[in-house]
Amino acid sequence: MTSLRQDHHDHSHAHDSHSHRPTGDHGHAHGTIDPSIISSEKGLWAVKWSFIILFVTACLQVMVVFLSGSIALLADTIHNFGDASTAIPLGIAFSISRLKPTKRFSYGYGRVEDLAGMAVVLIILFSALTAGYEAINRFLHPQSISHIGAVLAASVLGFLGNETVAVFRIRVGKQIHSAALIADGYHARTDGWTSLAVLIGAVGVYFGYPLADPVIGLGITIAIFFIVWDSMKTVFVRALDGVEAGILDELEHAAKHVAGVKNIRDVRARWIGHELHAQLTISIDPSLSIKEGNNIVKEVQHELYEHISALSFALVHLIPNEEVRTGT
């Protein structure tokens, strides 16, 4: 029995070298293009068009700011410029993540996406502080605004630009499982509604309430701070190897579907950029042959990849059932 345990133990190490997603045996073929490169291309596409749309939107708005003197629109414009500039670290991150792993960076460069997410948070924070300063300054030094109609049009333009960007970023971010891109997408969607808030301020000024404009500007600033907090939580959880609730349960559930698996333990997972890496230990009947054990391991991998589409690396350790019971 001891030698049999050793045989299984040796097999588990031999299998570790074949733990990447299969390309043909289990129906996961992706042609000659690496799936991570496809994902990065999608990310770059979303980032590029997000930058163009938001930059054009902010440029049109800034012209209205100079004409009208609206502090609420200024706050929205500053934030739109800040949002457009987040495309720069995201674009750099997706470009770097396409590089092949090296001996020094054997897991690749996916972690750069986490750094990009942190940069996005800092950019949003800076725009919030800038907008807040301008709003408070307008309270202390009130000024009238003009060209109300242009301000209303710029408000609607800001909403449409941000909502278009939100759709791009959220959809592609979910497809490639990029926390940085998803967080920035929801941030853009919230920006769309804050852009419409400028309309309320302009209407208030039109009906004789000049402080409505800086009040809306301050409200936009507060909304941006909430975005900073939510985005920070999302990005830093990923950076600390945190995973969404239920992922470990889903991994264990998938492995339990395989006939011959007696016990499952040491289930772990973490995100590296937009790719999920996981590992777990299974036990089987020690009377089974090495070939039978190998087939069970392959089937476990198949179930893992079928259940979790974001999974790009699955490491399955195999030990005899007695080792699980004794804890050795």
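Computed from a prediction, not measured in an experiment: that's the story for all the values here.

1. A short note on the pairing of strand β3 (residues 311–320)
And then number 1: When you tally the buried positions in β3, you get 9 out of 10 residues, the bulk of the element.
And then number 2: The sheet contact formed by strand β2 (residues 275–284) and β3 spans 9 bridges and is parallel. Its bridge partner lying in β3, L276 is registered against L311.

2. What to know about helix α9 (residues 247–256)
And then number 1: Within the span of α9, buried status applies to I247, L251, A254 and A255. In an axial view of α9, the angular spread of the buried residues amounts to 100 degrees, which keeps them on one side of the axis. Away from its buried face by more than 90 degrees, α9 exposes D249 and K256.
And then number 2: Buried residues in α9 make contact with β1 (263–272), β2, α10 (290–307) and β3.

3. Focus on a nonpolar patch on the surface
And then number 1: A cluster of nonpolar side chains, namely W45, W49, F51, I52, F55, V56, L60, M63, F81, I88 and I92, defines an oily patch on the protein surface of about 970 Å² accessible area.
And then number 2: When contributions to the nonpolar patch are tallied by element, the ones reaching two or more residues are α2 (35–68) and α4 (87–97).
And then number 3: Along the polypeptide, M63 turns up in helix α2.
And then number 4: By relative accessible area, which is 49% here, M63 ends up partly exposed.

4. Here we look at α10
Because an α-helix completes one turn every 3.6 residues, residues spaced three or four positions apart along the sequence face the same direction.
And then number 1: Counted at 1.5 Å a residue, the expected span for α10 with its 18 residues is 26 Å, and the 26 Å between its end C-alpha atoms agrees.
And then number 2: Listed in full, the buried residues belonging to α10 are G293, I296, V297, V300, Q301, H302, E303, L304 and Y305.

5. Let's talk about the packing of aromatic side chains
And then number 1: Scanning the model with the defined rule gives 5 aromatic pairs in all.
And then number 2: Measuring from ring centre to ring centre gives 5.1 Å for F105 and Y109, while their planes differ by 40 degrees; the resulting arrangement is tilted.
And then number 3: When the centroid spacing of 5.2 Å and the interplanar angle of 90 degrees are considered together, the rings of Y206 and F207 count as edge-to-face.
And then number 4: What makes Y206 exposed here is its relative accessible area of 60%.
And then number 5: Over the ring of Y107 we find R270, and its NZ or CZ is 5.0 Å from the ring centre.

6. Notes on the pattern of salt bridges
And then number 1: For the structure on display, the rule yields 8 salt bridges.
And then number 2: In this structure, R111 and D241 form a salt bridge, with 2.2 Å as the shortest nitrogen-oxygen distance. Remark: D241 occurs in the loop between α8 (212–239) and α9 and R111 occurs in the loop between α4 and α5 (112–140); sequence separation between them is 130 residues.
And then number 3: Exposure remark for R111: the relative accessible area of 29% places this residue in the partly exposed category.
And then number 4: The partner of D241 in a salt bridge is R270, with the nearest N and O atoms 3.7 Å apart. Placement of D241 in the loop between α8 and α9 and of R270 in strand β1 is noted, with a sequence separation of 29 residues between them.
And then number 5: Among the residues examined, R270 registers a relative accessible area of 27% and is labelled partly exposed.
And then number 6: One continuous salt-bridge network, built from bridges that share partners, spans R111, D114, D241 and R270.

7. A closer look at the packing of helix α3 (residues 71–85) against helix α6 (residues 148–176)
And then number 1: Running from N to C, α3 and α6 point in directions that differ by 25 degrees, and their axes come no closer than 11 Å. Considering the angle they form, α3 stands roughly parallel to α6. Crossing geometry of α3 relative to α6 is assigned as left-handed. Listed contacts from α6 to L73, D76, N80 and D83 of α3 are A154, G158, N162 and R169.
And then number 2: Looking at the contact of α3 with α6 residue by residue, the classes come out as 2 nonpolar, 3 polar and 3 charged.

8. What to know about the environment of D230
And then number 1: Of note, D230 is situated in helix α8.
And then number 2: Linking D230 and Y186, residues 44 residues apart in sequence, is a C-alpha distance of 9.8 Å.

9. Remarks on the confidence of the model for the chain
And then number 1: For the chain, mean pLDDT is 78; residues scoring 70 or higher make up 85% of the total.
And then number 2: Segment residues 1–38: pLDDT under 50, and 64 contacts once partners within four positions in sequence are set aside and those in other chains are kept.

10. A few points about the packing of α4 against α5
And then number 1: With their axes 9 Å apart at the nearest point, α4 and α5 run at an angle of 180 degrees to one another. Considered as vectors, α4 and α5 are oriented roughly antiparallel to each other. Touching P89, L90, A93, F94, I96 and S97 of α4 are V112, E113, A116, A119, V120 and I123, all from α5.
And then number 2: Per-class residue counts for the contact of α4 with α5 are 10 nonpolar, 1 polar and 1 charged.

Calculation notes
Residues numbered from 1 in each chain as written. Predicted model: local features only at pLDDT ≥ 70, side-chain atom pairs only at ≥ 80, totals over all residues. Heavy atoms only, no water. Buried < 20%, exposed > 50% of the residue type's maximum accessible area, 1.4 Å probe, protein only. Helix = DSSP H or I, 4+ residues; strand = E, 2+ residues; numbered from the N terminus. Pairing = 2+ DSSP bridges. Arc of directions from axis to C-beta. Contact = heavy atoms within 4.5 Å. Patch = residues over 30% accessible without salt bridge, like charges linked within 9 Å, V, L, I, M, F, W, Y side chains within 5 Å. Areas by Shrake-Rupley, 256 points an atom, 1.4 Å probe, with all protein chains shown as cover. Salt bridge = Lys/Arg side-chain N within 4 Å of Asp/Glu carboxyl O. Expected span 1.5 Å × (residues − 1). Phe/Tyr/Trp six-rings, centres within 6.5 Å; stacked < 30°, edge-to-face > 60°. Lys NZ or Arg CZ within 6 Å of the ring centre and 35° of its normal. Axes fitted to C-alpha atoms, helices over the stretch in contact; angles between N-to-C directions. Parallel < 35°, antiparallel > 145°, perpendicular 65-115°, else oblique. Left-handed = near helix turned anticlockwise from the far one by under 90°. Nonpolar A, V, L, I, M, F, W, Y, C, P; charged D, E, K, R; others polar. pLDDT = per-residue confidence, 0-100.

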